Amino acid sequence: MAKLTQLIDNEVFRAYATYMTIVLLKMMLMSFITAYFRIRRKAFANPEDVVSFGKGESAKKYLRTDVDVERVRRGHLNDLENIVPFLGIGLLYALSGPELSTALLHFRIFAGARILHTIAYLTPLPQPGRGLSWAVGCVVTFSMAYKVLKTGLYL
Amino acid sequence: MAKLTQLIDNEVFRAYATYMTIVLLKMMLMSFITAYFRIRRKAFANPEDVVSFGKGESAKKYLRTDVDVERVRRGHLNDLENIVPFLGIGLLYALSGPELSTALLHFRIFAGARILHTIAYLTPLPQPGRGLSWAVGCVVTFSMAYKVLKTGLYL
Amino acid sequence: MAKLTQLIDNEVFRAYATYMTIVLLKMMLMSFITAYFRIRRKAFANPEDVVSFGKGESAKKYLRTDVDVERVRRGHLNDLENIVPFLGIGLLYALSGPELSTALLHFRIFAGARILHTIAYLTPLPQPGRGLSWAVGCVVTFSMAYKVLKTGLYL
């Protein structure tokens, strides 16, 4: 840790960095799963993606939507909608001086909830599995937002 | 503020933290409004979300799009497209040493514009209400980007 | 640079600030390109956007999707999916004490790859142009994530 600037030479910030990176890598995984299903199901969105399947009508039939591709894409968008708030509010929370154990609890539950959300979405697990994992992530983010506003509110 | 690390123990950063948190919470609200309309209009995207409505065809009819659900989702996506640049550029701007009054002006106008954008989208208000509120948010972000590049450009 | 707080008074952080701002501005450009195609192709998503074209059925025909509008929107969403991880992981990477030359290499390649991705998507260029530019951006982000986790892992 010698090279880290002073700011992040503290354990709460390192924990934030670790879990934020894990969650963002998990989100990037969705792109690869989308690509996998697009290729396996031969369901593409752009004409230039299907030229290798032949010319004209024979290739055009692969320009279509597929239920599993769309499912992965919805999971990816839900990640964006929930991980962006965590990225911003989590950073401010990490800088607001929380107890290390409290911060770890927040980060771990959030990361776990988002990983469960993806599993629940892609399996798919019966509801309320996906709904609950989404809600838990929201509650963690709200709790961090409360701490940020309580510590540093400046309107 | 005693527990804040030195970095953010300054008023500009606290203002950024406050308005960023408000804007991100507003964005998260869109998920709840989407869920509200999905349940009220019985318009869902996933088969596992409609099993409680019965089996087979009787439940399948609720797998559909609804104009109001799609409207909220477009508003949510527009939030993502505009709040992500504010998250990144705003953070760098807050660290670039602006005057407190100038920074507050930027943050307040941006937050107000995004809240108006949501109201204009969901009511819906006649154009150019929504278009103008979107454009004002862009102008604020461009102004902050100019300050960041002027202060710290390093290509 | 006199007014910059100590934290970002270093060249790696200034490089991050510069390239992050450039990439976010490029992403915002997608909104303007979408608006341009919506107006030029008369393809809108909201009833309130088409009232200036007349009342009733004569305006309703402009509530439609257009292949080029959808293409720009897919490019915009792909930007979000890839620039959000760069925003978060890049910030942590910049704070993890990399060599300036290594950091510049990462930031420049990422920014170049995303600009090429947009050109490849909008032209459109034949594959694998778009696929490769997307993959290069991913590899850069993975490399930065590896450095962040190696330097500051705290589970």
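Everything below is about the structure shown above.
These remarks concern the structure in this document. (Residues numbered from 1 in each chain as written. Chains lettered and ligands numbered in written order. Predicted model: local features only at pLDDT ≥ 70, side-chain atom pairs only at ≥ 80, totals over all residues. Heavy atoms only, no water.)

Brief notes about the packing of helix α3 (residues 67–94) of chain B against helix α4 (residues 100–122) of chain B
Residues and elements named next belong to chain B.
Point 1. Packing of α3 against α4 leaves a shortest axis separation of 10 Å and a crossing angle of 175°. With respect to α4, the element α3 is oriented roughly antiparallel. Here Arg71, Val72, Arg74, Gly75, Asn78, Asp79, Asn82, Ile83, Phe86, Tyr93 and Ala94 of α3 lie close against α4, whose contacting residues are Thr102, Ala103, His106, Phe107, Phe110, Arg114, His117, Thr118, Tyr121 and Leu122.
Point 2. A per-class count over the contact of α3 with α4 returns ten nonpolar, seven polar and four charged. (Axes fitted to C-alpha atoms, helices over the stretch in contact; angles between N-to-C directions. Helix = DSSP H or I, 4+ residues; strand = E, 2+ residues; numbered from the N terminus. Parallel < 35°, antiparallel > 145°, perpendicular 65-115°, else oblique. Contact = heavy atoms within 4.5 Å. Nonpolar A, V, L, I, M, F, W, Y, C, P; charged D, E, K, R; others polar.)

Description of the pattern of salt bridges
Pairs can form between side chains of opposite charge once their charged atoms are near each other.
Point 1. This structure, assessed with the given rule, holds 24 salt bridges over all chains.
Point 2. Measuring nitrogen to oxygen at the nearest pair gives 3.6 Å for the salt bridge that ties Asp66(C) to Arg41(C). Taken as a pair, Asp66(C) in the loop between α2 (57–60) and α3 (67–94) and Arg41(C) in the loop between α1 (11–40) and α2 lie far apart in primary sequence, 25 residues in all.
Point 3. Judged by relative accessible area, which is 26%, Arg41(C) ranks as partly exposed.
Point 4. Overlapping salt bridges bring together Glu48(A), Asp49(A), Arg71(C) and Arg130(C) as one network. (Salt bridge = Lys/Arg side-chain N within 4 Å of Asp/Glu carboxyl O. Buried < 20%, exposed > 50% of the residue type's maximum accessible area, 1.4 Å probe, protein only.)

Remarks on the interface of chain A and chain C
Point 1. The interface is formed by 38 residues belonging to chain A together with 35 residues belonging to chain C.
Point 2. Together chain A and chain C conceal approximately 3,100 Å² of surface at their shared face, both sides included; 70% is due to carbon and sulfur atoms.
Point 3. For the pair chain A and chain C, the number of links is three salt bridges.
Point 4. Notably, a salt bridge pairs Arg71(C) with Glu48(A), separated by 2.8 Å at the nearest N-O pair.
Point 5. Across the contact surface, chain A and chain C share twelve residue pairs in polar contact (both at pLDDT 80 or more).
Point 6. Elements supplying a minimum of two residues to the side of chain A that touches chain C: α1 (11–41), α3 (67–94) and α4 (100–122) of chain A.
Point 7. No other element matches α1(A), which puts 17 residues into the side of chain A that touches chain C.
Point 8. Split by residue class, the side of chain A that touches chain C holds 25 nonpolar, six polar and seven charged. (Buried area = accessible area lost by both parts, 1.4 Å probe. Polar contact = N/O pair within 3.5 Å; in protein donor to acceptor, adjacent residues only side chain to side chain.)

A short note on the packing of α3(A) against helix α5 (residues 129–152) of chain A
Residues and elements named next belong to chain A.
Point 1. Viewed as axis vectors pointing N to C, α3 and α5 meet at an angle of 25°, and their least axial separation amounts to 9 Å. In this view, α3 runs roughly parallel relative to α5, as classed from their interaxial angle. Pair α3 / α5 crosses with left-handed handedness. Across from Asn78, Asn82, Pro85, Phe86, Ile89, Gly90, Leu92 and Tyr93 in α3, the residues of α5 making contact are Trp134, Cys138, Thr141, Met144, Ala145, Lys147 and Val148. (Left-handed = near helix turned anticlockwise from the far one by under 90°.)

What about the relation of the copies chain C and chain B?
What relates the pair of chain copies is a rotation about an axis plus a shift along that axis.
Point 1. Expressed as a screw transformation, the operator carrying chain C onto chain B has a rotation angle of 120° and an axial translation of 0.0 Å, and the superposed copies differ by an RMSD of 0.0 Å. With respect to symmetry, the two chain copies, as superposed, fit the operation of a three-fold axis.
Point 2. A distinct binding surface is used by each copy, with only 16% of the interface residues of chain C retained as interface residues in chain B. (Least-squares fit on C-alpha atoms with pLDDT ≥ 70 in both.)

Re the nonpolar core
Point 1. Phe107(A), Phe107(B) and Phe107(C) are the most contacted members of the largest nonpolar core, which has 96 residues in total.
Point 2. Apart from residues no more than four positions distant in its own chain, Phe107(A) is found in contact with Val12(A), Ala15(A), Tyr16(A), Tyr19(A), Phe86(A), Tyr93(A), Ala94(A) and Met144(A). (Core = buried A, V, L, I, M, F, W, Y, C linked by side-chain atoms within 4.5 Å.)

Considerations on the interface of chain C and chain B
Point 1. Taken residue by residue, the interface counts 38 residues in chain C and 35 residues in chain B.
Point 2. Buried area between chain C and chain B, both sides added, is near 3,100 Å², and the carbon and sulfur share of it is 70%.
Point 3. Where chain C touches chain B, the interface holds three salt bridges.
Point 4. Taking the shortest distance from any N to any O, the salt bridge between Glu48(C) and Arg130(B) comes out at 3.4 Å.
Point 5. Summed over the shared surface of chain C and chain B, the result is twelve residue pairs in polar contact (both at pLDDT 80 or more).
Point 6. The set of elements that each furnish at least two residues to the side of chain C that touches chain B consists of α1, α3 and α4 (100–122) of chain C.
Point 7. Per-element accounting of the side of chain C that touches chain B gives the leading share, 17 residues, to α1(C).
Point 8. Tallied by class, residues from the side of chain C that touches chain B come to 25 nonpolar, six polar and seven charged.

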